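An overview of the molecular structure
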Amino acid sequence: YNSFRGLYPWPGIWTKWKTTNLKILACHPLVEVLPEISAGSITPEGNVVCKNGTMLRITELQLAGKNPTTLASFLNGYKDFPGSQLG
């Protein structure tokens, strides 16, 4: 989350999902801790597990070459996102 705050609005933060760049446009930290799940994993709710077991809730994102979208819309279109790994 601190990387997001430091790099918002420009240049923003990017990660890889499968072979595509994924830009995180809006997010906030969650107080839940999941130490048994590896960093970068996506939970069924669409949250990202961070290195120390905390989680980040992405609320708006954009795949390279696509329009910005909310997480709810993204999850409707990409059913394989939960359970995958960000790079």
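So, here's what we can say about the structure. Predicted model, so just to flag it, every value in this text is computed and none were measured.

Moving on to the nonpolar core. Formed by 17 residues in total, the largest nonpolar core has its most connected members in Trp17, Leu22, Val48, Leu61, Phe74, Phe81 and Leu86. It is strand β4 (residues 54-63) that provides the largest number of residues to this core, a total of four residues.

Positive phi values are uncommon outside glycine, yet Lys18 reaches one of about 60 degrees. Within the secondary structure layout, Lys18 lies in the loop between β1 (13-17) and β2 (20-33).

Under the definition given, this model contains one salt bridge. Among the salt bridges present, the one from Asp80 reaches Lys18, with a minimum N-O distance of 2.1 Å. Taken as a pair, Asp80 in the segment after α2 (71-77) and Lys18 in the loop between β1 and β2 lie far apart in primary sequence, 62 residues in all. Residue classification places Asp80 among the partly exposed positions, given a relative accessible area of 38%.

Next up on the list: the environment of Glu60. Position of Glu60 among the secondary structure elements: in strand β4. Glu60 sits in the partly exposed class, given a relative accessible area of 31%. Sequence spacing of Glu60 and Ile37 is 23 residues, and the spatial spacing of their C-alpha atoms is 23 Å. Those residues in contact with Glu60 that lie beyond four places of it in its chain are Ile24, Leu25, Ala26, Pro68, Thr69 and Thr70.

What counts as what
- Counting from 1, residues in each chain are numbered in the order their sequence is written.
- Where totals are concerned, whole chains, interfaces and linings use all residues; where local detail is concerned, this predicted model gives features only for residues with pLDDT of at least 70, and gives and counts side-chain atom pairs only at 80 or more.
- Note that water and hydrogens are dropped before the side-chain values are worked out from all heavy atoms of the structure.
- Put simply, a nonpolar core is a bunch of buried Ala, Val, Leu, Ile, Met, Phe, Trp, Tyr and Cys residues held in one set by side-chain atoms that sit within 4.5 Å of each other.
- The buried label applies to any residue whose accessible area, calculated with a 1.4 Å probe on protein chains only, is under 20% of its type's maximum; exposed applies above 50%, and partly exposed to all values in between.
- Only DSSP runs of H or I with at least four residues qualify as helices, and only runs of E with at least two residues qualify as strands; both kinds are numbered from the N terminus onward.
- Here, a salt bridge means any Lys or Arg side-chain nitrogen found within 4 Å of an Asp or Glu carboxyl oxygen.
- Contact between two residues is taken to exist if any of their heavy atoms lie within 4.5 Å; hydrogens are not considered.

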